[in-house]
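Chain by chain, the residues:
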Amino acid sequence: MGIWDQLLQFALSGIGIGAIYAIVGLGFMIIYSVTRVVNFAQGEFVMLGGMITATLYSTGVPLLLAMLVAVISAVLVGALMQRGIIRPARNASTVTLILLTFGVSIVIRGIALLVWGTDPMSFPAFSGQTSIAIGEAVMSPQNLWILGVLAVLAASLYMFFGKTMPGKALQACAINKSAASLMGISVDTMAVLAFALAAAMGAVAGIVTTPLTTTSYDIGIPLAVKGFVAALAGGLNRIEGVLVGGLVLGVLESMAAGLLSSGFKDAIALVVLILVLLLRPGGLLGSAESGSI
Amino acid sequence: MKRLSRTPVFVVILALVMLVVAACAPAAAPTATPTKAPAATTPAAAQGQATKPATSSTPPAQNLAPYKIALVTALSGGFTGLGLPSRDAATAMVNEVNAAGGINGRKLELVIYDDGSDETKAVLAIKKAISDDKVLAIVGPTGSGSSMAAIPVVEEAKVPMVTIASGDAIVNPVKSWVFKFVSGEMKNIPEQYAYFKSKGVKKLAYLNPSNAVGKAGTAFIQPSAAKAGFELVSEQTYDPTDRDFGAQLTKIKASGAEGLIVYDATVTTALVAKQMKAMGINIPWTGPYGILGPANVQAAGDAFDGLVVPAPKVYVAGELPDSDPQKKVAFQFINAFKKTTGKEPDPVGMHGWDGIMIIAEALRKANPDPTNLADARAKVRDGIEGLKNYPAVVSILNLSPTDHEGMPPNWMALVQVNGGKFSVSK
């Protein structure tokens, strides 16, 4: 396999994984920008999306219905989390709130372990498993689905934030909570909305990646870590930043594993994190002018 | 949105710290789950009573004190793939023994503890079993980490322990009270080499996880591959939580490797198999026999077709000739397991079965008085150590004071997978 084909394969693999990181990162971004909370339970929404769909599908429920139920369940969990845990603690410091989300992630994972055990679960890929060959490099059709879903989600978020009233209200909270509340926006409702939206995105990420990677009770942790780095690389507040951050992270990981040593793969996420914090704390694309998400 | 003020950056740095903690969390996750504190439950004993036939061949004698054995295994946490089948198999074995009248007229009583796949819990459970339940022997714990942690405890208390873990360090060097009838990399990998030799492989590659099992495999392969006649052309690793191996597999493909070892027994191997298939990598590959677990075979689907794994003969028990001394005990295990649980056994449960069976054999021969603990425990240990040509489910065992593992070379069958079914590879 020539060097160019190898590089192409590294790039394709990287884009494939990077898209997953980007979708998870979008969830982080939504919650952080509206509530200033880094939600470490974001990875668990991804896990729930995949696990609930797989469970329902295995009992005979049609795939589409199973996915719908999974997303709704995740949204309920997200809303419950905000109402039940984050909101009562809203006067606590940001650090405390972050720790709370960490605690919630452990609880969700524990319950998942009790309910589902450690066995992995999966359901069929959406359009089969025959790989698509590009030269000597291959890509799974499911990767294209993931990229497609990412594009649709990103576009929908743009429309939502830019054109709809709830979206603009969310943006207003993100820019200045007190001013928004003075304008009659219920910051409270916006917070629940943010969590619900992030949970939905997480669940969708889980659903679209499970056919490729299988899912199990503990897939949330590594995804949360990588998704957070992707979101951070996007400055935690810009959609296009998160997309770029996720894809760049995925490709860097793949290239490092391919060209240096596979042992480096997971160190890459943390190296990127440190570099971003040191050199571009406002995100790879620079800090956004106030007024945009 | 201005994002350059101090506070968010500080918050984010703190988040980085927690990220690192979260990244280490996979090890912590099992302990975070609400596992019961070592609860002395005897569901097996209760089951044993329930399934005991109304008439036994030798009526259990006039209230002779029972022989108590502890099973410390992973009923929760990350090692349940090994722990749950072991528990079911051990329970089945105890039921069989008691249904046939017990051992020398005494009932076998099984005390089950959950080690939670955690070293601390395992050691606590073992200590409790020794001092509170006053067991004569221990089967377990699950996993090399817990087993190594338990060694000083049983050595000091002088209680025989048959671990359910593969790490060769557990019996190498030999400790007087510790036994292991699960093959580790020192026995598994030479079998894998032999398979590759038979396929004419000269250029070898490995793709191992960076956890304890994988590292042990890597540490064995690196010095031994050349001596075994292979050229090691690619050495790749992956994090156990990784789900994508495109980069590693690309390098393996480019290296011209003719054979691949994936020293992992988790469902990750199913993902590797799928990706190899997608990338058109058709070289023979193999790994430890845990790859043949039902969860993995199901997840892999047709990606496992044609896979050959050296494994204990129980995986292909149906094809063994009647003259094979292991056939009888393999079917005893399979049938008893089905009777107790109503399901086909995951063969990896054989380790729980063998543990109980071997201890029962030692008890039968020595016939100790269980109320004289020190004497009884020592007799059990001597009995296990003295086994020669003993057909266990895992292999024919030959033990001695310097060999507490007892497996001969070339004792595995080459198991081929096709359509989710196992057969002997021709």
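Quick caveat, the model's predicted, so the values are computed rather than measured.

### Observations regarding the sheet that holds strand β3 (residues 137–142) of chain B
What holds strands together in a sheet is hydrogen bonding between their backbones, with the strands either parallel or antiparallel. Residue and element names in this part refer to chain B. The strand order β2-β1-β3-β4-β5 describes an open sheet built from five strands, whose pairing is parallel. The strands lining the two open edges of the sheet, one partner per strand, are β2 (108–114) and β5 (178–180). The sheet shows a mean angle of 20° between the axes of neighbouring strands, direction not considered. Here β3 runs beside strand β4 (residues 161–164); their pairing, made up of three bridges, is parallel. The partner of Ile138 across the bridge, within β4, is Met161. Sheet contacts for helix α3 (residues 80–99): β1 (67–73), β2, β3 and β4; angle to β2, the most-contacted strand, approximately 165°.

### Here we look at the packing of helix α4 (residues 119–131) of chain B against helix α5 (residues 144–157) of chain B
Each pair of packed helices gets described by two things: the angle between the helix axes and the distance between those axes. All names here are of chain B. Viewed as axis vectors pointing N to C, α4 and α5 meet at an angle of 25°, and their least axial separation amounts to 8 Å. Classified by the interaxial angle, the pair formed by α4 and α5 is roughly parallel. Once α4 is placed against α5, the crossing between them reads as right-handed. Where α4 abuts α5, its residues Glu119, Ala122, Val123, Ile126, Lys127 and Ile130 lie against Gly145, Ser146, Ala149, Ala150, Val153, Val154 and Ala157. Considered class by class, the residues forming the contact of α4 with α5 number nine nonpolar, two polar and two charged.

### Some thoughts on the nonpolar core
Counting 89 residues, the largest nonpolar core has Phe304, Trp353 and Ile384 of chain B as its most contacted members. Looking at this core element by element, the count peaks at nine residues for helix α12 (residues 350–366) of chain B. Trp353 of chain B has contacts with Ala89, Ala90, Ala92, Met93, Glu96, Val329, Gln332, Phe333, Ala336 and Val393 of chain B, leaving out every residue within four places of it along the chain. By size, the runner-up hydrophobic cluster in this structure holds 84 residues, among which are Leu153, Ala154, Ala199 and Leu236 of chain A.

### Quick notes on α3 of chain B
All names here are of chain B. With 20 residues, α3 should reach 28 Å at 1.5 Å per residue; the first-to-last C-alpha distance of 28 Å fits that figure. The buried count for α3 comes to 14 of 20 residues, which makes it a mostly enclosed element. The positive-phi residue at the C-terminal boundary of α3 is Gly101, with phi of around 105°.

### Describing the packing of aromatic side chains
Residues and elements named next belong to chain B. Scanning the model with the defined rule gives 14 aromatic pairs over all chains in all. Arranged with centres 5.5 Å apart and planes meeting at 40°, the rings of Tyr195 and Phe196 form a pair that is tilted. Using a relative accessible area of 5% as the deciding quantity, one classes Tyr195 as buried. Directly above the ring of Phe230 sits Lys197, whose terminal nitrogen or CZ lies 4.4 Å from the centroid. Of note, Arg381 hangs over the ring of Trp177, and the distance from its end group to the ring centre comes to 4.4 Å.

### Some remarks on the pairing of β2 of chain B
All names here are of chain B. For β2, the tally of buried residues reaches six of seven residues, placing the bulk of the element in the interior. With seven bridges joining them, β1 and β2 adopt parallel strand pairing. Paired with Val72 across the bridge in β2 is Tyr113. In terms of handedness, the path from β1 via α3 over to β2 forms a crossover that is right-handed.

### Quick look at the environment of Gly258 of chain A
For Gly258 of chain A, the position within the fold is in helix α10 (residues 239–260). In sequence terms Gly258 of chain A and Gln6 of chain A are 252 residues apart; their C-alpha atoms lie 8.3 Å from each other. Apart from residues lying up to four places away in sequence, Gly258 of chain A is in contact with Phe10 of chain A together with Ala247 and Lys251 of chain B.

### As for the packing of helix α9 (residues 220–233) of chain A against α10 of chain A
All names here are of chain A. As a packed pair, α9 and α10 sit with axes 7 Å apart at the nearest point and diverge in direction by 125°. In terms of orientation, α9 lies oblique with respect to α10. As for how α9 packs across α10, the hand of that crossing is right-handed. Residue-level contacts link Lys226, Val229, Ala230, Ala231 and Ala233 of α9 to Gly241, Val242, Gly245, Gly246, Leu249 and Glu253 of α10. Of the residues in the contact of α9 with α10, the class split is six nonpolar, three polar and two charged.

### As for the pattern of salt bridges
Tallied over the full model, the rule gives 18 salt bridges over all chains. Residues Asp242 of chain B and Lys265 of chain A are paired through a salt bridge, measuring 3.8 Å at the closest nitrogen-oxygen approach. In this pair, Asp242 of chain B sits in the loop between β7 (231–238) and α8 (246–255) while Lys265 of chain A sits in helix α11 (residues 265–279), so the two residues belong to two different chains. Each member of the pair, Asp242 of chain B together with Lys265 of chain A, is buried. We note a salt bridge from Asp322 of chain B to Lys327 of chain B, for which the minimum N-O separation is 2.9 Å. Take Asp322 of chain B: its relative accessible area is 70%, and that puts it in the exposed class. Through salt bridges with shared partners, one network takes in Asp168, Lys180, Lys187 and Glu405 of chain B.

### Considerations on the sheet that holds strand β10 (residues 308–311) of chain B
All names here are of chain B. Strand order across the open sheet formed by three strands is β10-β13-β14, with antiparallel pairing between neighbours. Strand pairing shows two members of the sheet lacking a second neighbour, β10 and β14 (421–424), which therefore form its edges. For this sheet, the mean inter-axis angle between neighbouring strands, taken without regard to orientation, is 40°. Two strands pair when backbone bridges link them, and strand β13 (residues 413–418) and β14 are joined in this way by four bridges, in the antiparallel orientation. The residue of β14 that forms the bridge with Val417 is Phe422.

Here is what the cut-offs are and how they apply
- Throughout, residues of each chain are indexed from 1 in the direction in which the sequence is written.
- Starting at A for chains and at 1 for ligands, labels are handed out in the order in which the entities are written.
- Given that this is a predicted model, residues contribute local features only at a pLDDT of at least 70 and side-chain atom pairs are listed and counted only at 80 or more, while totals for whole chains, interfaces and linings are drawn from all residues.
- The side-chain values count all of the structure's non-hydrogen atoms but skip hydrogen atoms and water molecules.
- Strand pairing is assigned whenever DSSP detects at least two bridges linking the two strands.
- By definition, any uninterrupted DSSP run of H or I lasting at least four residues is a helix, any uninterrupted run of E lasting at least two residues is a strand, and each is numbered from the N terminus.
- Angles run from 0 to 180 degrees between N-to-C directions of axes, and those axes are lines fitted to C-alpha atoms, restricted for helices to the stretch in contact.
- Contacts were defined at the residue level, with two residues in contact if any of their heavy atoms lie within 4.5 Å.
- Orientation is classified from the angle alone, with under 35 degrees giving roughly parallel, over 145 giving roughly antiparallel, 65 to 115 giving roughly perpendicular, and any other angle giving oblique.
- Crossing handedness follows the turn of the near helix against the far one: under a right angle anticlockwise gives a left-handed crossing, and clockwise gives a right-handed one.
- Lys, Arg, Asp and Glu make up the charged group, whereas Ala, Val, Leu, Ile, Met, Phe, Trp, Tyr, Cys and Pro make up the nonpolar group; the residues left over, Gly among them, are polar.
- Nonpolar cores were defined as sets of buried Ala, Val, Leu, Ile, Met, Phe, Trp, Tyr and Cys residues, with membership established by side-chain atoms within 4.5 Å.
- For every residue, the accessible area (1.4 Å probe, protein chains only) is compared with the maximum for its type, and the residue is labelled buried under 20%, exposed over 50%, or partly exposed between those bounds.
- Expected span, for any helix, means 1.5 Å times one less than how many residues it has.
- Note on aromatic contacts: the rings of Phe and Tyr and the six-membered ring of Trp form a pair at centre separations within 6.5 Å, being stacked when their planes are under 30 degrees apart, edge-to-face when over 60 apart, and tilted otherwise.
- Charge over a ring is defined by NZ of Lys or CZ of Arg lying within 6 Å of the ring centre and within 35 degrees of the ring normal.
- We call a crossover right-handed when, viewed with both strands directed away from the observer, the connection leading from the first strand over the helix to the second proceeds clockwise.
- By salt bridge we mean one thing: a side-chain nitrogen of Lys or Arg within 4 Å of a carboxyl oxygen of Asp or Glu.

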